[in-house]
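# Structural features, examined
What follows is the residue order along each chain.
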Protein chains: 2
Amino acid sequence: MFENADRTELSELGEFGLIEHLAQHFGTKNQHSIKGVGDDCAVIERSETTFGLISTEVFLEGVHFDLAYHPLKHLGYKLVSAVVSDVYAMNGKPEQIQIALGLSNRFGLEAIEELYAGIIIACDKYKVDLVGGDTSTSRSGLVVSMSVYGVVNKDLITYRTGAKPMDLLVVSGDLGGAYMGLQILEREKRVFMEVPNMQPDLEQYDYIVGRQLRAEARFDVIDILEEIGVKPTSMMDVSDGVASEIFHLAKVNQVGFDIFEDKLPIDPQTVETAISFDLNPSIVALNGGEDYELLMTIDQGDFEKIKNIPDLTIIGYVTEAALKNQLITKSGNTFDIKAQGWPISQK
Amino acid sequence: MFENADRTELSELGEFGLIEHLAQHFGTKNQHSIKGVGDDCAVIERSETTFGLISTEVFLEGVHFDLAYHPLKHLGYKLVSAVVSDVYAMNGKPEQIQIALGLSNRFGLEAIEELYAGIIIACDKYKVDLVGGDTSTSRSGLVVSMSVYGVVNKDLITYRTGAKPMDLLVVSGDLGGAYMGLQILEREKRVFMEVPNMQPDLEQYDYIVGRQLRAEARFDVIDILEEIGVKPTSMMDVSDGVASEIFHLAKVNQVGFDIFEDKLPIDPQTVETAISFDLNPSIVALNGGEDYELLMTIDQGDFEKIKNIPDLTIIGYVTEAALKNQLITKSGNTFDIKAQGWPISQK
């Protein structure tokens, strides 16, 4: 019936447009609903001193993962990482996850056991409990829905809002690895389809392939921030790429960002692989998704506390120029950073 | 890769077998995880006096719903009902839901608006907030993942466990309507595919078709129980059919059930339609799913409080005969009720 109705293509709106359009439906009428939309988690009242943090995501075979090269055990691990990362992005601690699976008849018990094995390793790593879930038939491959429930002290919660001019822009770990790992895996898949007996040699790409297949969520960064007594002024996780995430931060805070190309933390393997693919490593670092690092703004007054933390890199700072996000290149030129439109193939 | 491995078909295990098999992975190591698996919701510590209740389900086009006859607005409403029902089944109140959608390119903005319109009507009805969600591409139709977050006073929480011999078995509303509504819709779909210009006349089936397309969760029953001061000894919602649900209750409580055929609450429209399909209405009532009524056991001492509540029907009682579930027919015969194996076509 809906196929004949007046029709606005979703592509006209884009993903951001769609989410904004639908946001009008979201609400927090209930006294226990603190924040409904526009952050990594929704926030609910929990106790006098704590908020609850909740997030749900759905992952679809053929869209979010490709089982041609993604071992199920790694996939289970990665999807847990992806969802608990939403809680870390609020400066919170995940405590429980729930899983709902849709399984087509391609999957036997052994395959599901593999998926669960990875899920359980991740649960142990992040100290969360798997508390139930649902399994049903799927007619179209593997569907994994994950929900996470976390907790955060009310005085520690960190939203996407709160960044102010002169704050430092800081990112954990390194960037672009997961994206280049994906390029390697896609290339090997094409080779394998042409020459099925060829065994891929991925050893030289072990780091970036691992970043793609078995992503880690940065619980350790939350622990470090607690230890050194730093509460970021704003924070989110890097799932779609830094360029996309600063677009969000700039918008909700009505600020801009200056990012210094020579400060971008990029692993040598990511650099080499990007160059071999004729890609600019800095653009890969800014636009590559699925790194699950934490991107945060930190008050200048906390500079001394963070400057020697190896896993935190200051890559720029917040400016007053609302929505103006710039890259200052190694040669001193300045380019506008575009969130979605900036083609990753541009050198 | 997993297709070549040793393989145990899921059909060998059955849905119950699979859930039990996977349950070994579930745990409650975290001090805030109260109950992980085996009930309508997982239970988490929330405050000194309250527990949090959480549940996640995934609904797939072609498996859980058919858009050939399910208007998107009704579907949105029904899926919210299905998931909040899990919270009512714990004697709790839902407060927030989250949605993650997978959308194929068949869906324009207007279609999504229809789905959301139904979701919002349901949110208003159940007094829950829609707090965020996620939208992504799907290559295979509509995927809807829903999570619900509720709250319950610690002294009111009702688990599936707690039923004891001589308790009354009580169900809300009437049974089998959603199943017979589905039969009507499936029949009309077949007719329509053969004679596309034929307009179906569903008016005489309005009640049962409504039960299927626009299911209601029984928040009012929870309010009634609170008002009359009755806390069931055990409770769950009727999503798979009473026969299947008492199998669960019998197992976790190591009891049996005697159910009286002449007590089964069945709407006249369900009875007439079942007969026209050559089905036994009692078997439809016991095995038909998706009624989203509440099935509970109640202490004999509360009999006076519930006997005159129109929406609650005593259909039997709990026995000491572990796992022996029997139907006492109108003619006084006794039959074993089988959870999954009992064919609904048997008269």
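Located above this text is the structure these notes cover.
For the structure given in this document, a descriptive report is provided here.

Parameters at a glance
Residues numbered from 1 in each chain as written. Chains lettered and ligands numbered in written order. Predicted model: local features only at pLDDT ≥ 70, side-chain atom pairs only at ≥ 80, totals over all residues. Heavy atoms only, no water. Buried < 20%, exposed > 50% of the residue type's maximum accessible area, 1.4 Å probe, protein only. Helix = DSSP H or I, 4+ residues; strand = E, 2+ residues; numbered from the N terminus. Contact = heavy atoms within 4.5 Å. Pairing = 2+ DSSP bridges. Axes fitted to C-alpha atoms, helices over the stretch in contact; angles between N-to-C directions. Least-squares fit on C-alpha atoms with pLDDT ≥ 70 in both. 1 Å grid on protein atoms, 1.4 Å probe; cavity = no way out; pocket = protein on both sides within 12 Å on 5 of 7 lines; lining within 4 Å. Points joined across faces, edges and corners; volume = space filled by probe spheres on them. Nonpolar A, V, L, I, M, F, W, Y, C, P; charged D, E, K, R; others polar. Buried area = accessible area lost by both parts, 1.4 Å probe. Salt bridge = Lys/Arg side-chain N within 4 Å of Asp/Glu carboxyl O. Polar contact = N/O pair within 3.5 Å; in protein donor to acceptor, adjacent residues only side chain to side chain. Phe/Tyr/Trp six-rings, centres within 6.5 Å; stacked < 30°, edge-to-face > 60°. Lys NZ or Arg CZ within 6 Å of the ring centre and 35° of its normal. Lys, Arg positive; Asp, Glu negative; His and termini not counted.

### A short note on helix H5 (residues 206–213) of chain A
Three or more residues of H5 of chain A are buried, namely Ile208, Val209, Arg211, Gln212 and Leu213 of chain A. Buried residues in H5 of chain A make contact with helix H2 (72–88), helix H4 (177–194), helix H8 (268–276) and strand E10 (293–298) of chain A.

### Description of the sheet that holds strand E6 (residues 143–153) of chain B
Sheets are built from strands paired through backbone hydrogen bonds, the pairs being either parallel or antiparallel. Residues and elements named next belong to chain B. Taking strand neighbours across the sheet as the criterion, the six strands line up as E1-E2-E3-E6-E4-E5 in an open arrangement whose pairing is mixed. Strands with a single pairing partner mark the edges of an open sheet, and in this sheet they are strand E1 (33–35) and strand E5 (129–137). Averaged over all neighbouring strand pairs, the angle between strand axes comes to 25 degrees, with direction disregarded. Strand direction decides the pairing type here: strand E4 (residues 93–103) and E6, joined by nine bridges, are antiparallel. Bridging across to E6, Gln96 finds its partner in Tyr149. Lying over the sheet, helix H3 (residues 109–126) contacts E4, E5 and E6, oriented at roughly 170 degrees with respect to E4.

### Quick look at the relation of the copies chain B and chain A
Note on the copies: chain B fits chain A at an RMSD of 0.0 Å, the axial shift is 0.0 Å, and the rotation between them is 180 degrees. The operation mapping one copy onto its partner corresponds to a two-fold rotation axis. When the interface residues of chain B are mapped onto chain A, 100% of them again fall at the interface, so both copies present the same face.

### Remarks on empty space enclosed by the protein
The full count for this structure, using the stated rule, is three cavities of 30 Å³ or more. Empty space within the largest cavity amounts to approximately 120 Å³. Lining the largest cavity are 15 residues, with Ile44, Arg46 and Ile54 of chain A together with Ile44 and Arg46 of chain B positioned closest to its centre. Put simply, the parts of the chain that give the lining of the largest cavity at least two residues each are strand E3 (50–60) and strand E6 (143–153) of chain A together with strand E2 (42–45), strand E3 (50–60) and E6 of chain B. Looking at the lining of the largest cavity, its residues break down into eight nonpolar, four polar and three charged. Approximately 40 Å³ is the volume found for the second largest cavity. Along its surface, the second largest cavity is lined by Ser138, Arg139, Ser140 and Val143 of chain A together with Leu60, Glu61, Val63, Ser140, Leu142 and Val143 of chain B.

### Some details on the interface of chain B and chain A
When the parts of a complex come together, some accessible area is lost, and that lost area is often used as the size of the interface. Taken together, the contact pairs 76 residues of chain B with 76 residues of chain A. Interface area, chain B with chain A, both sides summed: about 6,600 Å², of which 56% is carbon and sulfur. Between the two partners, chain B and chain A, sit two salt bridges. Of the charged contacts, one joins Lys29 of chain A and Asp124 of chain B as a salt bridge, the two residues approaching to 2.8 Å between their closest N and O atoms. Joining chain B to chain A, the criterion identifies 37 residue pairs in polar contact (both at pLDDT 80 or more). Of all the elements in the fold, those that place two or more residues in the side of chain B that touches chain A are helix H1 (10–23), E2, E3, E4, H3, E5 and E6 of chain B. Top contributing element to the side of chain B that touches chain A by residue count: E5 of chain B, with nine residues. Of the residues in the side of chain B that touches chain A, the class split is 30 nonpolar, 29 polar and 17 charged.

### Observations concerning the packing of aromatic side chains
All names here are of chain A. Enumeration according to the criterion identifies eleven aromatic pairs over all chains in this entry. With centroids separated by 6.2 Å and ring planes inclined at 55 degrees, the aromatic side chains of Tyr88 and Tyr126 adopt a geometry described as tilted. Of the two residues, Tyr88 sits in helix H2 while Tyr126 sits in helix H3 (residues 109–126), which places them 38 residues apart along the sequence. The class of Tyr88 is buried, set by a relative accessible area of 2%. Put simply, the rings of Tyr77, Tyr88, Tyr126 and Phe219 pair up and form one aromatic cluster. Of note, Arg214 hangs over the ring of Tyr77, and the distance from its end group to the ring centre comes to 4.0 Å.

### Describing the sheet that holds strand E4 (residues 93–103) of chain A
Residue and element names in this part refer to chain A. Spatial ordering of the open sheet is given by E1-E2-E3-E6-E4-E5, a layout of six strands whose pairing is mixed. Strand pairing shows two members of the sheet lacking a second neighbour, strand E1 (33–35) and strand E5 (129–137), which therefore form its edges. The average undirected angle you get between the axes of adjacent strands in this sheet is 25 degrees. Here strand E2 (residues 42–45) runs beside E3; their pairing, made up of four bridges, is antiparallel.

### Let's talk about the side chain of Asp86 of chain A
Residues and elements named next belong to chain A. Here Asp86 shows up in helix H2. The side chain of Asp86 sits in the buried core without any salt bridge; Arg160 is the nearest counter-charge, 6.2 Å away. Looking at Asp86, its side chain comes within polar contact range of the side chain of Ser55, at 2.9 Å. Apart from residues no more than four positions distant in its own chain, Asp86 is found in contact with Asp40, Cys41, Ser55, Glu57 and Asp237.

### So, the pattern of salt bridges
Note that side chains of opposite charge can pair when their charged atoms are close. Under the definition given, this model contains 46 salt bridges over all chains. Of the charged contacts, one joins Glu293 of chain A and Arg218 of chain A as a salt bridge, the two residues approaching to 2.8 Å between their closest N and O atoms. Here Glu293 of chain A is found in strand E10, whereas its partner Arg218 of chain A is found in the loop between H5 and helix H6 (219–228), with 75 residues between them in sequence. When sorted by exposure, Glu293 of chain A lands in the same class as Arg218 of chain A, which is buried. Between Lys78 of chain B and Glu290 of chain B there is a salt bridge; the shortest N-O distance is 2.9 Å. Residue Lys78 of chain B is found in helix H2 (residues 72–88), and its partner Glu290 of chain B is found in the loop between helix H9 (281–287) and strand E10 (293–298); the two are separated by 212 residues along the sequence. Look at the salt bridges and you will find they share partners, linking Arg211, Arg218, Asp220, Asp291, Glu293 and Asp311 of chain A into a network.

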